[in-house]
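# Topology and contacts: notes
Listed below, chain by chain, are the residues.
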Amino acid sequence: MPDRDDQRRDDPDRYDQNRYDPGAVEGRWQRRWRDEGTYEIDNDDSRPGFYVLSMYPYPSGPAHMGHVRNYTFGDLLVRYRTMLGDGVLSPIGFDSFGLPAENAAIRTGEHPRTFTEARIAELSSSLQRIGAVYDWRRVLCSHDPEYIRWTQWIFLKLYEAGLAYRAEAPVNWCTGCRTVLANEQVLPDGTCERSGDPVEDRELAQWFFRITAYAQRLLDDTDSIDWPERVKNMQRNWIGRSAGAELALPIADAEGRPRADVAPIQVFTTRPDTGFGITYAVLSPEHPRVAELTSPAQRPAVAAFCREAADRSELQRLSAEGRLDKRGVACGTSVINPFTGQAVPLFLADYVLMTYGTGAIMGVPGEDQRDWEFAVAHGLPILRTVEPPEGFDGEAYPGDGPSINSDWLDGLGVAAAIERAADWLESQGLGRRKVNYRLRDWLVSRQRFWGCPIPMVRCEACGYQPVPAEELPILLPDDVDFQPTGQSPLNAHEGFLAASCPACGGPARRETDTMDTFVDSSWYFLRFADPANDRAPFSAEAAARWLPVDQYIGGIEHAILHLMYARFFTKALADIGVAPAGLSEPFARLFTQGMIRLGGAKMSKSRGNLVAPEEILDRQGADALRLAHLQVKPPQDDVDWEDFGIDGCAKFLGRVWRLAAGEAHPASAARSGALTAADLEIDRGAHRLVDRVRRDFDRWSYNTAVAACMEYTNELYRYVSAPEGPHGETLDGALDRLLLVMAPMVPHITAELWERRCGRHIHTEAWPVAEAAKLAAERVTLVVQVNGKVRDRLEVDAAIDETEALRCALASERVQRHLDGASPRRVIARPPKLVNLVL
RNA sequence: GCCCGGAUGGCGGAAUCGGUAGACGCAGAGGGCUUAAACCCCUCGGUUCGACAAGAGCGUGUGGGUUCGAAUCCCGCUCCGGGCACCA
């Protein structure tokens, strides 16, 4: 072990100056980028704008591997687009409201603000440690009073526009978080997506945003955005458009005739063509007209059924999924099938949901499997109205075919019959075409402290009233006591609660609910365009300058929630004149990176399987860690931590360092003068590298971009160690290009080497030009096939023509062996790459 | 059930327009440097037969098809991942 020290003593200068020391190099450049404002940008910058945004993080402490991955991709793009000559907007902020800080407060008594701000400081410094660069002048936090002011201002604007409202509704109550959740925050198994606790149904008055008013536009505009098909599909599924008709089923009297004195029930169907097959109808147990439409004899049974359905939790209902018994009970009343005029019995069934359509359906067992099962269970008649194909041995037939048993619809195919039936319903005044969506309004109130207060007050006389805009922001008090009950301390804080009614001036109480943190993240990307504006959340001009975000980057876990809400906000803000009128989408391009797993499970704090980046940053450096993230897998894929090759990446950087710092070859060995074939080839290789890396960057293929750099570095090692030695100028040109294309990936080491080589700053250099004339190799491999099998490979001139290629191919001894004296029946020549001789 | 993706060596992956399958990296083997080890440098790695050679056969989940030629295009199937789902 003493040898290394001896070496140091022998040649201290050489050791200190030339050794690759990531810690020293990286710290120095990180300070420089921040101090010099290298990536600050003004709104009047004359370069073409390019807005790169990585989803702003929840500040949970120092960056974890998921952050490193996300912000490495974003940073690469910021640096790359800057080199291409764009004026890049690269902001960062913190999603600083949320439950973890409040839970910590309940545990320790520390105010969520001091707790959160400490975590923000940690996260900021670790983002800088991975070399990510931002315009720090634009930093924002959702808990900042100015940000709160404008979030509340937007709430009031939406309220004014009728897009925010308060309503009593069945809501999702998370037993663990002690707050209501949006539908989007409840997992398919009926648990909370945050805490994993069971979610209950409760009937509560809550604040909502009318996102359903934008359902069709949200659906239509998915076609126009450059997002992963997978994400767009998830959004389309979530919106869940279904087109059909709503029609009225009159109530029948004892003789089976329609009663004029009682309103009919409305049902929604996507298959009005099957109307002749209606043999019963069903109400949801929660339907408001259940009591009215139940016969005296059926009252006890119906009441019992409703009670049972109400008691059944979401979880139990889901666990009953797939069971075929189709629980239901007869009302003892009948309705009229408007197509046939026949009376059919009315039922209650819990498979009919009050929250979708009209809460009532027509039963067509012939074409709907659930209806078939219900009909069988309750002894109801089944009438097919679509002819199933020959040999069909199933039960209900939902497919296409000619209408049967349907009078004036007979013979029509399903699509045509739907149109005819809908026309008929409309002309008879019995119904109308209708589109239904699965999407529900966004429930935004949360019964929590650490969020943006909803700017409303409640007056005994005037009801809920909006706080006047000039009174904003309504801030959270500092002097609060967090009780272990989990109740928001706002409920007991007189200073916060006391208010006067903006309408009548009388005493009023402040709303204690705060907003879902997804409200904060629904407009932060707009605020970045104009972060210091104190007269508006942002000016339309500034927003028009930068929006939509050219490249948005984040985790796939936000595919529905955040991304849907942000799209809704952007459209709504444009409609009410806050955002530019032409802005319909917030994120023109979206990239969703995969998650990191360890031991087969998603790497996360809650699972306790985090790998701390700090140790790697200390040992191998930020560049090695960044490179490992880029190299390990295509960026959109999930990745196992076990597959990361940090050491390999660090080794590669060492190779680049030694090559560029002149250690891999003696400087005196460099030639000058005439160029050899090897010199020309290494030069062409550099141009090919530039071209290849650029195309890889543009298609998010970072793993192959890294491979290209490694491959070229290997070539350079062979080049410098060849007996004739490298040509000085050629080698310099090659190294310059290698460092430039690597700069966005490994910004520190390339900056250091560049400065040592030429004294300039690599991150203000332009992306190198790949000269078209140098992209093509001079000699290429001509593959010769016989009957499609490779039989020989020949080195030929790249400009070879068909005749010459064929001559070379036929001259090959190996090829001749396989031709066995015969001459090819057919020749496919694709010079200079391939000749295929077919016998 | 409906809608999206996937499947390539021991491993992660590459092959961008239908034309050399396995780039690059990890793990492994051999060699060089060194008193020695580490570092570093070079070389070799799909598989079977063959002798460790030359050479040949087989190879991209599976079965067909189109084509001079298929990882790539088409049809069927299997398995894996994701989204939606008693949604009328």
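Residues numbered from 1 in each chain as written. Chains lettered and ligands numbered in written order. Predicted model: local features only at pLDDT ≥ 70, side-chain atom pairs only at ≥ 80, totals over all residues. Heavy atoms only, no water.

### Quick word on the overall build of chain A
On a plain count of helices and strands, chain A comes out with 28 helices and 30 strands. Expressed as lengths along the three principal axes of its C-alpha atoms, the size of chain A is roughly 110 × 85 × 50 Å. Relative to its 839 residues, chain A shows a buried fraction of 53%. Taking all contacts inside chain A whose residues are at least 6 apart in sequence as the whole, residues at least 24 apart take part in 72%. A total accessible area of about 36600 Å² is found for chain A, and carbon and sulfur atoms account for 49% of it. In chain A, the 95 positive side-chain charges and the 121 negative ones have mean positions that sit 3 Å from each other. (Helix = DSSP H or I, 4+ residues; strand = E, 2+ residues; numbered from the N terminus. Buried < 20%, exposed > 50% of the residue type's maximum accessible area, 1.4 Å probe, protein only. Contact = heavy atoms within 4.5 Å. Areas by Shrake-Rupley, 256 points an atom, 1.4 Å probe, with all protein chains shown as cover. Lys, Arg positive; Asp, Glu negative; His and termini not counted. Charge placed at Lys NZ, Arg CZ, Asp CG, Glu CD.)

### Focus: the side chain of asparagine 533
Residue position: asparagine 533 is located in the loop between α16 (524-527) and α17 (540-546). Polar side-chain contacts of asparagine 533 include one of 2.8 Å to the backbone nitrogen of arginine 535. Leave out the neighbours within four places in its chain, and asparagine 533 touches Trp150, Arg527, Phe538 and Ser539. (Polar contact = N/O pair within 3.5 Å; in protein donor to acceptor, adjacent residues only side chain to side chain.)

### Focus on the sheet that holds strand β22 (residues 551-555)
Read from one edge to the other, the open sheet built from 4 strands follows the order β2-β1-β22-β23, with strand pairing classed as parallel. If you trace the sheet from one side to the other, it starts and ends with β2 (87-89) and β23 (590-593), each paired once. Ignoring which end each strand starts from, the neighbouring axes of this sheet average 20° apart. Direction of pairing for strand β1 (residues 49-54) relative to β22: parallel, over a ladder of 3 bridges. Note on β22: the bridge partner recorded for leucine 53 is tyrosine 552. Contacting β1, β2, β22 and β23, helix α4 (residues 65-83) crosses the sheet at an angle of about 170° to β1. (Pairing = 2+ DSSP bridges. Axes fitted to C-alpha atoms, helices over the stretch in contact; angles between N-to-C directions.)

### Notes on the confidence of the model for chain A
With 95% of its residues at a pLDDT of 70 or more, chain A shows a mean pLDDT of 90. Segment residues 318-324: pLDDT under 50, and 5 contacts once partners within four positions in sequence are set aside and those in other chains are kept. Here the predicted complex carries an ipTM of 0.95, next to a pTM of 0.92. (pLDDT = per-residue confidence, 0-100.)

### Comments concerning the nonpolar core
Core analysis: the biggest nonpolar cluster contains 91 residues, and Phe209, Trp442, Tyr524, Phe525 and Phe569 have the highest contact counts within it. In terms of residue count, helix α18 (residues 561-575) provides more of this core than any other element does, 10 residues in total. With residues up to four places along the chain from it excluded, the contact list for phenylalanine 569 reads Ile154, Leu158, Phe209, Trp442, Val519, Ser522 and Trp523. Tyr20, Phe73, Ile92 and Ala751 belong to the second largest nonpolar core, which has 89 residues in total. (Core = buried A, V, L, I, M, F, W, Y, C linked by side-chain atoms within 4.5 Å.)

### Comments concerning the packing of helix α21 (residues 646-660) against helix α25 (residues 747-758)
At their nearest, the axes of α21 and α25 sit 11 Å apart, and the two run at 5° to each other. On the basis of the axis angle, α21 is roughly parallel to α25. When α21 is examined against α25, the residues Leu653, Val656, Trp657 and Ala660 are found in contact with a partner set consisting of Ile749, Glu752, Leu753, Arg756 and Arg757. Class assignment of the residues belonging to the contact of α21 with α25 gives a composition of 6 nonpolar, no polar and 3 charged. (Parallel < 35°, antiparallel > 145°, perpendicular 65-115°, else oblique. Nonpolar A, V, L, I, M, F, W, Y, C, P; charged D, E, K, R; others polar.)

### Side note on the pattern of salt bridges
Under the definition given, this model contains 58 salt bridges. Residue arginine 433 is joined to aspartate 423 by a salt bridge in which the shortest nitrogen-to-oxygen separation is 3.0 Å. Linking arginine 433 in strand β14 (residues 431-436) with aspartate 423 in helix α13 (residues 414-427), this pair joins segments that are 10 residues apart in sequence. A salt bridge links arginine 684 to glutamate 681; the nearest nitrogen and oxygen atoms lie 2.8 Å apart. Placement of the pair is arginine 684 and glutamate 681 together in helix α22 (residues 677-698), with a separation of 3 residues, close to one helical turn. Judged by its relative accessible area of 10%, arginine 684 falls in the buried class. Ionic contacts of the salt-bridge type, sharing partners, join the residues Arg28, Arg32, Glu36, Glu752, Glu755 and Arg756 into one network. (Salt bridge = Lys/Arg side-chain N within 4 Å of Asp/Glu carboxyl O.)

### Remarks on helix α7 (residues 145-160)
Here α7 is 16 residues long and its end C-alpha atoms lie 22 Å apart, about the 22 Å a rise of 1.5 Å per residue gives. Turning to α7, its buried residues are Tyr147, Ile148, Trp150, Thr151, Gln152, Trp153, Ile154, Phe155, Leu156 and Leu158. Its side-chain oxygen at 2.9 Å from the backbone nitrogen of glutamate 146, aspartate 144 defines the N-terminal cap of α7. At the exit of α7 stands glycine 162, carrying a positive phi of roughly 75°. (Expected span 1.5 Å × (residues − 1).)

### A word on the pairing of β1
In terms of residue burial, β1 counts as a mostly covered element, since 5 of its 6 residues are buried. In terms of handedness, the path from β1 via α4 over to β2 forms a crossover that is right-handed. (Right-handed = clockwise from strand over helix to strand, strands pointing away.)

### What about the environment of proline 59?
Relative to the assigned elements, proline 59 resides in the loop between β1 and α4. Taking relative accessible area as the criterion, proline 59 reaches 2% and is therefore assigned buried. Note: C-alpha distance between proline 59 and glycine 733 (674 residues apart in sequence) is 44 Å.

### Considerations on the sheet that holds strand β29 (residues 826-830)
Across the sheet, 4 strands lie side by side as β28-β27-β30-β29; this open sheet has mixed pairing. Because the sheet does not close on itself, it has two edges, and the strands there are β28 (789-797) and β29. Each adjacent strand pair in this sheet contributes to an overall mean axis angle of 15°, direction not counted. Inspection of the sheet shows β29 paired to strand β30 (residues 834-838) by 5 bridges, in the antiparallel sense.

### Comments concerning the packing of α22 against helix α24 (residues 728-742)
For the pair α22 and α24, the least separation of the axes is 9 Å and the interaxial angle reads 10°. Here α22 is positioned roughly parallel relative to α24, judged by the angle of their axes. In contact with Asp679, Ile682, Asp683, Ala686, His687, Leu689, Val690, Val693 and Phe697 of α22, α24 contributes Thr730, Ala734, Arg737, Leu738 and Val741. Its residues placed into classes, the contact of α22 with α24 shows 9 nonpolar, 2 polar and 3 charged.

### Considerations on the environment of alanine 161
With respect to the helices, strands and loops of the structure, alanine 161 is situated in the loop between α7 and β5 (164-174). Alanine 161 sits 17 residues away from arginine 178 along the chain, and the two C-alpha atoms are 30 Å apart.

### Some details on the side chain of aspartate 520
By the secondary structure assignment, aspartate 520 is in helix α15 (residues 517-520). The buried charged residue aspartate 520 lacks any salt bridge partner; its closest oppositely charged side chain belongs to arginine 446, at an N-O distance of 10 Å. In contact with aspartate 520, not counting residues within four places along its chain, are Tyr56, Phe97, Ser142, Tyr147, Thr151 and Cys452.

### Overview of α18
Along an α-helix, residues three or four positions apart point the same way, because every turn accommodates 3.6 residues. An ideal rise of 1.5 Å per residue puts 21 Å on 15 residues; α18 measures up with 21 Å between its terminal C-alpha atoms. The buried count for α18 comes to 14 of 15 residues, which makes it a mostly enclosed element. One or two residues past the end of α18 sits glycine 577, with phi positive at roughly 85°.

### Here's the deal with the packing of aromatic side chains
For the structure on display, the rule yields 47 aromatic pairs. Ring geometry for phenylalanine 155 against phenylalanine 209: centres 5.6 Å apart, planes inclined by 50°, an arrangement best described as tilted. Within this pair, whereas phenylalanine 155 is found in helix α7, its partner phenylalanine 209 is found in strand β7 (residues 199-209), the two being separated by 54 residues in sequence. For the pair phenylalanine 155 and phenylalanine 209, a shared accessibility class is recorded, and that class is buried. (Phe/Tyr/Trp six-rings, centres within 6.5 Å; stacked < 30°, edge-to-face > 60°.)

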